[in-house]
Amino acid sequence: MTGTRIAALGHYQPAKVLTNDELAARVDTSDEWITSRVGIRTRHVAGPAEPVDELAAHAAAKALAAAGLTPADIDLVLVATSTAIDRSPNTAARVAARLGMGSPAVMDLNVVCAGFTHALATADHAVRAGSATRALVIGADKMTDVTDWTDRTTCVLVGDGAGAAVVEACDDHEAGIGPVLWGSVPEMGNAVRIEGTPPRFAQEGQAVYRWATTQLPPIARQVCERAGITPEDLAAVVLHQANLRIIEPVARRIGAVNAVVARDVVESGNTSAASIPMALSKLVERGDIAPGAPALLFGFGGNLSYAGQVIRCP
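The rules behind each value
- Throughout this document, residue positions are counted from 1 along each chain, in the order its sequence is written.
- Since the coordinates come from a predicted model, pLDDT governs what is reported: local features require at least 70, and pairs of side-chain atoms require 80 or more to be given and counted, while whole-chain, interface and lining totals use all residues.
- The side-chain numbers reported here are obtained from all heavy atoms of the structure, hydrogens and water having been left aside.
- Helix numbering and strand numbering both begin at the N terminus, where a helix is a DSSP run of H or I of at least 4 residues and a strand a DSSP run of E of at least 2.
- The globule rule is 2.2 Å times the number of residues to the power 0.38, and the radius of gyration it is compared with is taken over C-alpha atoms.
- Burial classification: accessible surface area is computed with a 1.4 Å probe over protein chains only, and a residue below 20% of its type maximum counts as buried, one above 50% as exposed, and the rest as partly exposed.
- In what follows, a contact means two residues having at least one pair of non-hydrogen atoms within 4.5 Å.
- Here, Shrake-Rupley sampling with a 1.4 Å probe gives the accessible areas, and only protein chains in the shown set may cover a residue.
- Counted as salt bridges are all cases of a side-chain nitrogen of Lys or Arg within 4 Å of a carboxyl oxygen of Asp or Glu.
- Under the pairing criterion, centres of Phe, Tyr and Trp rings, with the six-membered ring standing for Trp, must be within 6.5 Å; the plane angle then separates stacked pairs below 30 degrees from edge-to-face pairs above 60, leaving the rest tilted.
- A ring is considered to have a charge above it if a Lys NZ or an Arg CZ atom is located within 6 Å of its centre and within 35 degrees of its normal.
- The span expected for a helix works out to 1.5 Å for each residue beyond the first.
- Note that bend, as reported per residue, equals the angle between axes fitted to the 7 residues terminating at that residue and the 7 residues originating from it.
- Pairing between two strands is assigned when DSSP locates at least 2 bridges connecting them.
- Axes here mean lines fitted to C-alpha atoms, for a helix over just the part in contact, with angles spanning 0 to 180 degrees between N-to-C directions.
- Under this scheme an angle from 65 to 115 degrees is roughly perpendicular, one under 35 degrees roughly parallel, and one over 145 degrees roughly antiparallel; angles in between are oblique.
- By definition, any crossing whose near helix is turned counterclockwise from its far helix by less than a right angle is left-handed, and any crossing with a clockwise turn is right-handed.
- Asp, Glu, Lys and Arg are counted as charged, while Ala, Val, Leu, Ile, Met, Phe, Trp, Tyr, Cys and Pro are counted as nonpolar; the rest, among them Gly, fall into the polar class.

**Some points on the overall build of the protein chain**
Within the protein chain one finds 10 helices and 14 strands. Computed over C-alpha atoms, the radius of gyration of the protein chain comes to 18 Å, within 12% of the 20 Å expected from 2.2 N^0.38 for 314 residues, which places it in the range of a compact globule. Principal-axis analysis of the C-alpha atoms gives the protein chain an extent of 55 × 45 × 40 Å. Out of the 314 residues belonging to the protein chain, those deemed buried represent 58%. Counted over contacts in the protein chain with a minimum sequence separation of 6, partners at least 24 positions apart contribute 76%. Just so you have it, the protein chain exposes about 12300 Å², and 49% of that area is on carbon and sulfur atoms.

Pasting the structure below:
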């Protein structure tokens, strides 16, 4: 079969930065309280005139430029998001219009914080099956649109941003995207929610913490097995950037002792579906991961869904 690889990455964050001290002026919290519990120091916040599709288009344009491609080279656009306000046109269609694409297939996927790794697997399958040649896979969320700014347990967590990857075919022996392992825990789906009118983000923090730190490490090790490597072989671990108190113990229990662990949550907060591609793009841009090195991508969260795969870095 045809293999697939990530040809290039891109990311984008709004210019406005919101610090912990600024949040402390709004709600009963402090920099010490936030950093000790979730590890976040700053987050980027989009303005009213910066919709999700604009964030996504900026990240996508950077990924295309890095790949040396034009919008016309893309025949599938997948956007993972749970914060788009409108149902139609969907976010993918609006990104395609912003970039002046020809006639790509356009789909949004809502798997919340595990959205990007689900979308990446979907693109991988489409290219391998021959139904797409090159895909643009984007994770983009404007979490500040669905935040209750009077709730100190959730408003300190969130940020806005987007990350994108160009996925294309390659020889099977050069394949850069490994098999996905995905699933969910439906009976615990209400542990992370974006619901109501207007929609608001809420979660059962302790339940999510216990599930993530105890149940996810063995699943992540199975992802490595499917890719034919051991955790010790990993050069990087890029988990959903939910909370530093989740990221660090999960990475440790996976056993990736030689890997760089993405900690973008410290400066970006929880950006939901954007967090993995944004963190990966930054690691690659800084040269923290060598081209071709194996990295574990593992998304988890809303619906108590999870999805992971090992990729070779562009």
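Structure's up, so let's keep going.
**Concerning the pattern of salt bridges**
Under the defined criterion, the tally for this structure stands at 14 salt bridges. Across the pair Arg-5 and Glu-168 runs a salt bridge whose closest N-O atoms are separated by 2.5 Å. Of this pair, Arg-5 sits in strand β1 (residues 3-12) while Glu-168 sits in strand β7 (residues 160-170), and the two are 163 residues apart along the sequence. One salt bridge connects Arg-98 with Glu-54, and the closest N-O pair in it is separated by 4.0 Å. Of the two residues, Arg-98 is situated in helix α4 (residues 91-99) and Glu-54 in helix α3 (residues 52-67); the sequence distance between them amounts to 44 residues. The class for Arg-98 is partly exposed, based on a relative accessible area of 44%. Look at Glu-54 and you get buried, because its relative accessible area is 18%. Salt bridges sharing partners connect three or more residues here, namely Arg-5, Arg-134 and Glu-168.

**Let's talk about unusual backbone geometry**
A cis geometry characterises the amide bond from Ser-88 onward to Pro-89, with omega recorded as 0°. One can find Pro-89 in the loop between β4 (76-80) and α4. Following Thr-197, the chain continues into Pro-198 via a peptide bond in cis, with omega recorded as 0°. Mapped onto the secondary structure, Pro-198 falls in the loop between β9 (192-195) and β10 (200-203).

**Looking at the packing of aromatic side chains**
Taken as a whole, this structure holds 2 aromatic pairs when the rule is applied. On the basis of an interplanar angle of 40° and a centroid distance of 6.5 Å, the ring pair of Phe-298 and Phe-300 is categorised as tilted. On the numbers, 6.5 Å between centres and 10° between planes, the contact of Phe-298 with Tyr-306 is stacked. Tyr-306 carries the same exposure label as Phe-298, and that label is buried. Joined through ring pairs, the aromatic side chains of Phe-298, Phe-300 and Tyr-306 make up one cluster. We note Arg-26 situated over the ring of Trp-149; from NZ or CZ to the ring centre the distance is 5.2 Å. The positively charged end of Arg-245 is found above the aromatic ring belonging to Tyr-209, 5.3 Å away from the centroid.

**What to know about helix α7 (residues 205-227)**
Here α7 contains 23 residues, and its C-alpha end-to-end distance of 31 Å stays within 8% of the 33 Å for a straight helix at 1.5 Å per residue. Roughly 45° is the biggest bend found in α7, and it falls at Leu-216, with proline Pro-217 one to four residues downstream. Of the residues making up α7, those classed as buried are Val-208, Trp-211, Ala-212, Thr-213, Leu-216, Pro-217, Ile-219, Ala-220, Val-223 and Cys-224. Against the buried residues of α7 lie β8 (181-184), β9, β10, α8 (244-254), β13 (294-300) and β14 (305-312).

**Overview of the pairing of β1**
For a regular strand, side chains alternate in direction, first toward one face of the sheet and then toward the other. Of all 10 residues making up β1, 9 are buried, and the element is well covered by its neighbours. Relative to β7, β1 runs antiparallel, the two sharing 9 bridges. Each residue of the ladder has a partner; that of Ala-8, found in β7, is Val-166.

**What about the sheet that holds β14?**
One open sheet holds the 5 strands; their spatial order is β8-β14-β13-β11-β12, and the pairing between them is mixed. The sheet is open, and its two borders are formed by β8 and β12 (260-261), each paired with just one other strand. Where β8 meets β14, 4 bridges bridge the pair, whose relative direction is antiparallel. Residue Ser-184 lies in a different strand from β14, and its bridge partner there is Ser-305. In the packing of helix α5 (residues 115-129) onto the sheet, contacts are made with β8, β13 and β14, and the angle to β14 comes to roughly 55°.

**Section: the packing of α3 against α4**
Their axes nearest at 9 Å, the elements α3 and α4 cross at an angle of 55°. Looking at the two axes, α3 sits oblique to α4. α3 and α4 meet at a crossing whose hand is right-handed. Touching Val-52, Asp-53, Glu-54, Ala-56, Ala-57, Ala-60, Ala-61 and Leu-64 of α3 are Thr-91, Arg-94, Val-95, Arg-98 and Leu-99, all from α4. For the contact of α3 with α4, the residue count by class is 8 nonpolar, 1 polar and 4 charged.

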